[in-house]
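# Results of the structural survey
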Amino acid sequence: MRHTKKDSLMELTYFSSAFCEPCRQTRAVLAEVERLVPQAHVRELDVARDVAEAEANGIRITPTVIVRDEAGVEVFRASGVPTLAQVLVAAAKAV
């Protein structure tokens, strides 16, 4: 789910781990958000490979999703599988 869209107004950072079933469910939710919200940009990071970034963001469990607005301000954080509705509301706050 890595993208290179530079014109995104919001970033959804998704911290995952390799053998995490809830991470797969979260990936599906975020794919639907990207389909429904053109301004959304999902960036998936594996906590084992991206240790420094995970630590800098205070990640303790996977999956964790962080939604930031255009200025980079965090407007939503979910530990565990978020619902589509939760992420869509967060996306609306971030735009």
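Heads up: these notes are all about the structure in this document. Computed from a prediction, not measured in an experiment: that's the story for all the values here. (Residues numbered from 1 in each chain as written. Predicted model: local features only at pLDDT ≥ 70, side-chain atom pairs only at ≥ 80, totals over all residues. Heavy atoms only, no water.)

## A closer look at the pattern of salt bridges
Throughout the structure, instances matching the rule amount to six salt bridges. The closest approach of N and O atoms between E11 and R43, which form a salt bridge, is 3.5 Å. Pair noted here: E11 is in strand β1 (residues 10-16) and R43 is in strand β2 (residues 40-46), with a separation of 32 residues, a long-range link. Residue E11 is classed as partly exposed on the basis of its relative accessible area, which comes to 25%. R35 is the salt-bridge partner of E32, the closest N and O atoms lying 2.7 Å from each other. In this pair, E32 and R35 both sit in helix α1 (residues 21-36), three residues apart, roughly one turn of the helix. Judged by relative accessible area, which is 25%, E32 ranks as partly exposed. Among the residues examined, R35 registers a relative accessible area of 58% and is labelled exposed. Salt bridges sharing common partners tie together E11, R43 and E53. (Salt bridge = Lys/Arg side-chain N within 4 Å of Asp/Glu carboxyl O. Helix = DSSP H or I, 4+ residues; strand = E, 2+ residues; numbered from the N terminus. Buried < 20%, exposed > 50% of the residue type's maximum accessible area, 1.4 Å probe, protein only.)

None of this, on its own, says anything about what the molecule does.
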